[in-house]
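A closer look at the structure
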Amino acid sequence: MSSYSQKVIEHFQNPHNYGHMDNPDGTGQVGNVVCGDVMKLYIKIKDNIINDVKFETFGCAAAIATSSVVTDLVIGKKINEALKITNSKVLKELGGLPPIKVHCSLLAVDALNEAIYDYYKSIKKTIPKSLEAKHKLIQKKH
Ligand code: FES
């Protein structure tokens, strides 16, 4: 545990927006091929803005901490801004992760992209090419 930054430890011990969401507008679920852990992320959208987000995971401390940070970063953001959140931004926000745990951090951003993809599909909106490409990549990866 000592190789985790203080911020990772704080988010792990007190994760933000952890839990189930009833009737979400979009849900993203991804699995980690390295360890088999699973991440589920739910979003609520109003006027093109993510106004609520929750996550559930069978993941490790790093997965929980990165998800907690991702939820903080996306709440109140427009969908197109949320789509710009990258894994490296999340890692920076957390003060980094031990190299062996970097694969854990990918779950949260991938689940976020999948939740937005799911939302677009449910409202039959044309899916931007970049999101379609990310979705294909995520499907292949997980
Ligand atoms: Fe599975 Fe970290 S070890 S998500």
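Everything here concerns the structure above.
The present account deals with the structure reproduced in this document.

The rules we used
- Residues numbered from 1 in each chain as written.
- Predicted model: local features only at pLDDT ≥ 70, side-chain atom pairs only at ≥ 80, totals over all residues.
- Axes fitted to C-alpha atoms, helices over the stretch in contact; angles between N-to-C directions.
- Helix = DSSP H or I, 4+ residues; strand = E, 2+ residues; numbered from the N terminus.
- Left-handed = near helix turned anticlockwise from the far one by under 90°.
- Contact = placed C-beta atoms within 7 Å.
- Nonpolar A, V, L, I, M, F, W, Y, C, P; charged D, E, K, R; others polar.
- Pairing = 2+ DSSP bridges.
- Expected span 1.5 Å × (residues − 1).
- Buried ≥ 20, exposed ≤ 12 C-beta atoms within 10 Å, placed from the backbone.

1. Topic: the packing of helix α2 (residues 61–74) against helix α5 (residues 102–122)
The contact between α2 and α5 brings their axes to 7 Å, and the two run at 35 degrees. The way α2 lies across α5 gives a crossing that is right-handed. Residues A62, A63, T66, S67, V70 and V74 of α2 pack against C104, S105, L107, A108, V109 and L112 of α5. Each residue belonging to the contact of α2 with α5 can be placed in one class, and the counts come to nine nonpolar, three polar and no charged.

2. Thoughts on the sheet that holds strand β1 (residues 26–31)
The strand order β1-β2-β3 describes an open sheet built from three strands, whose pairing is antiparallel. For this open sheet the edge positions go to β1 and β3 (49–58), each flanked by a neighbour on one side alone. Each adjacent strand pair in this sheet contributes to an overall mean axis angle of 15 degrees, direction not counted. Two elements, β1 and strand β2 (residues 38–46), share six bridges in a ladder whose sense is antiparallel. Among the inter-strand pairings, T27 is bridged to a residue of β2, identified as Y42. Across the sheet, α2 touches β2 and β3, and the angle it forms with β3 is around 175 degrees. Helix-sheet contacts for α5 involve β1 and β2, and the interaxial angle to β1 is about 140 degrees.

3. Some points on α2
Over its 14 residues, α2 extends 20 Å from the first C-alpha to the last, a length consistent with the 20 Å expected when each residue adds 1.5 Å. Taken across its 14 residues, α2 has 12 buried, putting it largely inside the fold. Restricting attention to buried positions, one finds in α2 the residues A62, A63, I64, A65, T66, S67, S68, V69, V70, T71, L73 and V74. Where α2 is buried, its residues meet α1 (6–13), β2, β3, α3 (79–82), α4 (87–93) and α5. G76 sits one or two residues past α2 and shows a positive phi near 85 degrees.

4. Some details on the pairing of β2
In sequence, β1 turns back onto β2 through a hairpin of six residues, with G36 there showing a positive phi of about 85 degrees. Pairing between β2 and β3: nine bridges, direction antiparallel. From the neighbouring strand, M39 faces β3, where its bridge partner is T57. Adjacent in sequence and paired antiparallel, β2 and β3 are bridged by two residues, among which D47 carries a positive phi angle near 50 degrees.

Take it as geometry only, folks, not as evidence of what the structure does.
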